[in-house]
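Spelled out, the chains give:
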Amino acid sequence: MAVIERDLIKFKRNPIVIAMSILMPVLYLVILGNSFQGKLTDLPVAVVNQDTGPYAKRVMENLRAIQAGPKTFKITNLSSEGEAVNGVKEGRFKAAFIIPGDFSKKMSLQARPEVGLFLDNPDSISAETIRNLLNAAMLSIRSGYVPIRDKAGEVLLRDINLYPKVDYYQSLVPGVIIMAIFLGTLTSGVFNLVMDRFLGIEESYLLTPLSKAHIVSGLVISGLSITTVIAAIITVTSMLLTGIPLTRGWERFFPFFAVVVLTTLCLLSLMFVILGRARHPRIVGILSGFLNVILFFPSGAIYPVESFPGWLKAFAKCNPEVYSVHALKSILFKNAGMASISGDILFLSLFTIVLMTIAILTFKRTL
Amino acid sequence: MQKGKAIVVSDITKKFGPIAAVDHVDFEVDEGEFFGFLGPNGAGKTTLIRMLTTLLRPTSGKAIVSGCDVTEEPAEVRKRIGVVPQAMTSDLDLTGHENMDLYGRFYGIRGRERKERIRYLLEMVGLTQRANDLVATYSGGMRRRLEIARVLVHRPPLLFLDEPTIGLDPQSRRVVWDFLKKLIEGDSMTIFLTTHYMEEAELLCGRVGIIDAGKIIALGSPSALKADIPGNDIVSLKVGNLSPELVRSIGELPFVHKAIAEENSLRVYVDNGSKNLPVLIDDVRQAGGTILSASVHEQSLEDVFIHHTGKTIREEEVKKVSFLLGAGVPQRFGR
């Protein structure tokens, strides 16, 4: 009985733990509930309409109706097929939809016209949604102009996967790598500082000539070394287990390594800003679950960012894990080079510089 | 730079909220001096040492340590001092040698010199055999010796020790004292020590300051401090035929402050008890008394300390704890 009482008294004296025990399930519900199975909106689709005929106009009207109604995709009209396909390859569009010049003519002749659809298939959920919607749009123009029984007027939607097929388990690999990086950064870097404070060891190096920048950067670089090794082991293991080919060449290794290093630095700096003044490992314990939920699940690692509600999309714009997941997916599944992930690299670099500066400035060199 | 002065403190104050832990304190420590601060728990010793070693910013006042202002040139101060804090700060996950080696690297001491210095210091503190063991396996005394050796790696001219023998057994305490004496004699270091062990201050320090409630209430050499409180040596005499006349005549002697008769013994409060004992015995005999036994209790620094600080236990400042994270989480240690 005394043991139970002792434990209950101690629990009662930790109000923040009690509050987090109640709030965390609510938070998990809000974040997780909005991170999965949401309705996809504003998927960027490039449309190249090479036909001036009435049927093509009807198709475009249908697409604009989808854009205005359910808002599943957002159309960008382009004139060149090459530009549209490159746009998909570079990650600016989720798909390129091509209406050929003879589309209306073939429709009138009931000659079964073809339209082209180039898909960013590694994002299988978005690709499938776009394919289904465009199929429906094609069916509706046929029903409007051609009797339903007349098979000759059917449009053939020729969809082309731009990349090798990615199965479900393979699609999880970038997320697994990011999760490994997150856990690595949580158990190294600033965590060691918090432990030193808790054990009273911190005073010994605060008394030396080490500057703020020395202490912060030293801890960050040691965290980087540990986390990079963890990420490397997880990457190789998960690629072997899911059958992603390891032979991507050195030109792909460098961007991959850059993303891992920058993601690690980003998260280490973020942890430093948040936990730089914490004096007890209990704070790290409380915040680790919270940070994992708000950073990882809305990162696009499992479900596309386009399915999030507006507020979560806005948060995703400043969530570094979103950029890391995007970059890793591009490298692993699209064989993308540095040019395709330059936006991600730029964001991660800026985020790191800003947060590292804040971490150094806010680090307290006195007790 | 103030030549010849290792520490110059002018009107320094540190407030935590409305409470002044250190209250307008002034003192100086000469180079090569072994200086000690005595004070009860919560007197402000640790706060003072933390201000002098740049860990806390003074609320007001000024302190020059090794020629540098602690507020304006903290990095320079840190280069010139060695500090052994009150809490054990050696890393338990590292070996004794690793602790020393990393510390040396924090000061930018290069390979060969660092290696030689560490070997010498470990030998000095008797830890050579255990140098490659984890500090977690060390006893309290070994850990404290390692920490003293560690702060000497960069040859600081000024050493701060905050209650260095607290919690150590008498043997370990003596080893630490012998080592500190060697430092002050052999290496001409200046040592600033805080303690509440009277014998430690008396044995080691050339000068002692007594601090209470954040203020210095007495300052001088242990003998001078004792001399400042006259009549605290007690001579106890067992006298065979004690009479009121004898007691009165003893009480009239010039070096006697008070004579109290208790059954067949006499307690006499005198100046300089050892010196005046033969005179006192002669006088008792001349007054017709028979001496059966005699003993002298000379006043100690503890008497001086109690004289200045009183016998009441201090109302110590309540430690701040984080009630959000749990009442058992102190926000600051050892203030």
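A. How the structure looks around the overall build of chain B. A tally of regular secondary structure across chain B gives 11 helices and 14 strands. By principal-axis analysis of the C-alpha atoms, chain B measures approximately 75 × 50 × 50 Å. Buried positions account for 38% of the 335 residues belonging to chain B. Within chain B, counting contacts between residues at least 6 apart in sequence, those at least 24 apart form 68% of the total.

B. The arrangement of the overall build of chain A in detail. Counting its secondary structure elements, chain A contains 16 helices and five strands. Dimensions of chain A, computed from C-alpha atoms along their principal axes, come out at roughly 85 × 50 × 35 Å. When the 367 residues of chain A are sorted by exposure, 38% land in the buried category. When contacts within chain A are restricted to residue pairs at least 6 apart in sequence, those whose partners lie at least 24 apart make up 80%.

C. Up close: helix α13 (residues 281-296) of chain A. For α13(A), built from 16 residues, the straight-helix expectation of 22 Å at 1.5 Å per residue is met to within 8% by its first-to-last C-alpha distance of 22 Å. By the burial criterion, the buried members of α13(A) are A:I283, A:V284, A:I286 and A:L295.

D. Looking closely at the sheet that holds strand β12 (residues 256-262) of chain B. Residues and elements named next belong to chain B. The antiparallel open sheet is built from four strands, whose spatial order is β12-β13-β11-β14. Where the open sheet ends on each side, the last strands, each with one partner, are β12 and β14 (291-297). Ignoring which end each strand starts from, the neighbouring axes of this sheet average 15° apart. Bridge count between strand β11 (residues 233-239) and strand β13 (residues 265-270): six bridges; the pairing is antiparallel. Residue pairing for β13: D233 is matched across the bridge by V270. The sheet contacts of helix α9 (residues 244-251) involve β12 and β13, and relative to β12 the element is tilted by about 160°.

E. Summary view of the sheet that holds strand β2 (residues 73-78) of chain A. Residues and elements named next belong to chain A. An order of β2-β1-β3-β4-β5 is seen for the five strands of this open sheet, with the pairing classed as mixed. Edge positions in the open sheet fall to β2 and β5 (156-161), since each of these has one partner strand only. Mean inter-strand twist for the sheet, computed between neighbouring axes without regard to direction, equals 25°. Two strands pair when backbone bridges link them, and strand β4 (residues 114-119) and β5 are joined in this way by six bridges, in the parallel orientation.

F. Representation of the domain arrangement of chain B within the structure. Entries for chain B in the domain assignment read domain 1 (5-222) and domain 2 (230-298). A separation of 45 Å is found between the C-alpha centroids of domain 1 of chain B and domain 2 of chain B.

G. Quick peek at the pairing of β2(A). Residues and elements named next belong to chain A. Pairing of strand β1 (residues 43-49) with β2 involves six bridges; the strand directions are parallel. Bridging across to β2, V47 finds its partner in N77. For the segment spanning β1, helix α3 (residues 54-68) and β2, crossover handedness is right-handed.

H. Broad picture of the interface of chain A and chain B. Listed per partner, the contact involves 21 residues of chain A and 24 residues of chain B. Every element with two or more residues in the side of chain A that touches chain B is listed here: α2 (15-35), α10 (202-206) and α13 of chain A. At four residues, α10(A) tops the list of elements feeding residues into the side of chain A that touches chain B.

I. Molecular detail of the confidence of the model for chain B. Per-residue confidence for chain B gives a mean pLDDT of 87; residues scoring 70 or more make up 91%. The complex model carries a pTM of 0.80, and its ipTM stands at 0.79.

J. Here's a closer look at helix α3 (residues 96-106) of chain B. All names here are of chain B. Along α3, the residues classified as buried are G96, H97, N99, M100, Y103 and G104. One side of α3 carries all its buried residues, which in axial view fall inside an arc of 160°. Considering only its buried residues, α3 is in contact with α4 (111-124) and α5 (140-150). Where α3 terminates, the next one or two residues include G108, which has phi positive at roughly 70°.

K. Quick peek at the environment of A:I221. All names here are of chain A. On the secondary structure map, I221 appears in helix α11 (residues 212-242). Of the residues examined, I221 has 13 C-beta atoms within 10 Å and is grouped as partly exposed. Note: C-alpha distance between I221 and L268 (47 residues apart in sequence) is 9.1 Å.

L. Region of the structure containing the nonpolar core. One finds B:L52 and B:V65 to be the most contacted residues of the largest nonpolar core, which totals 68 residues. Contacts of B:V65, omitting those with residues within four sequence positions, involve B:I7, B:L52, B:V70, B:V77, B:I81 and B:L158. In terms of nonpolar packing, the next biggest core, distinct from the first, is built from 55 residues, A:I178, A:V284, A:F333 and A:I360 among them.

M. Just the packing of α2(A) against α13(A), in detail. All names here are of chain A. Interhelical geometry of α2 versus α13 gives an angle of 10° and a closest axis separation of 11 Å. With respect to each other, α2 and α13 are oriented roughly parallel. Residue-level inspection shows I16, V17, M20, M24, L27, Y28 and I31 of α2 in contact with α13, the latter providing I286, G289, F290, V293 and I294. When its residues are assigned to classes, the contact of α2 with α13 shows 11 nonpolar, one polar and no charged.

N. Layout of the packing of α5(B) against helix α6 (residues 170-186) of chain B. Residue and element names in this part refer to chain B. Between α5 and α6, whose axes approach to 9 Å, the crossing angle comes to 15°. In terms of orientation, α5 and α6 fall into the roughly parallel class. α6 is crossed by α5, and the crossing has right-handed handedness. Within the contact between the two elements, α5 uses G141, R144, R145 and I148 and α6 uses S172, V175, V176 and F179. Looking at the contact of α5 with α6, its residues break down into four nonpolar, two polar and two charged.

About the thresholds
Residues numbered from 1 in each chain as written. Chains lettered and ligands numbered in written order. Predicted model: local features only at pLDDT ≥ 70, side-chain atom pairs only at ≥ 80, totals over all residues. Helix = DSSP H or I, 4+ residues; strand = E, 2+ residues; numbered from the N terminus. Buried ≥ 20, exposed ≤ 12 C-beta atoms within 10 Å, placed from the backbone. Contact = placed C-beta atoms within 7 Å. Expected span 1.5 Å × (residues − 1). Pairing = 2+ DSSP bridges. Axes fitted to C-alpha atoms, helices over the stretch in contact; angles between N-to-C directions. Domains from an automatic or database assignment. Right-handed = clockwise from strand over helix to strand, strands pointing away. pLDDT = per-residue confidence, 0-100. Arc of directions from axis to C-beta. Core = buried A, V, L, I, M, F, W, Y, C linked by C-beta atoms within 7 Å. Parallel < 35°, antiparallel > 145°, perpendicular 65-115°, else oblique. Nonpolar A, V, L, I, M, F, W, Y, C, P; charged D, E, K, R; others polar. Left-handed = near helix turned anticlockwise from the far one by under 90°.

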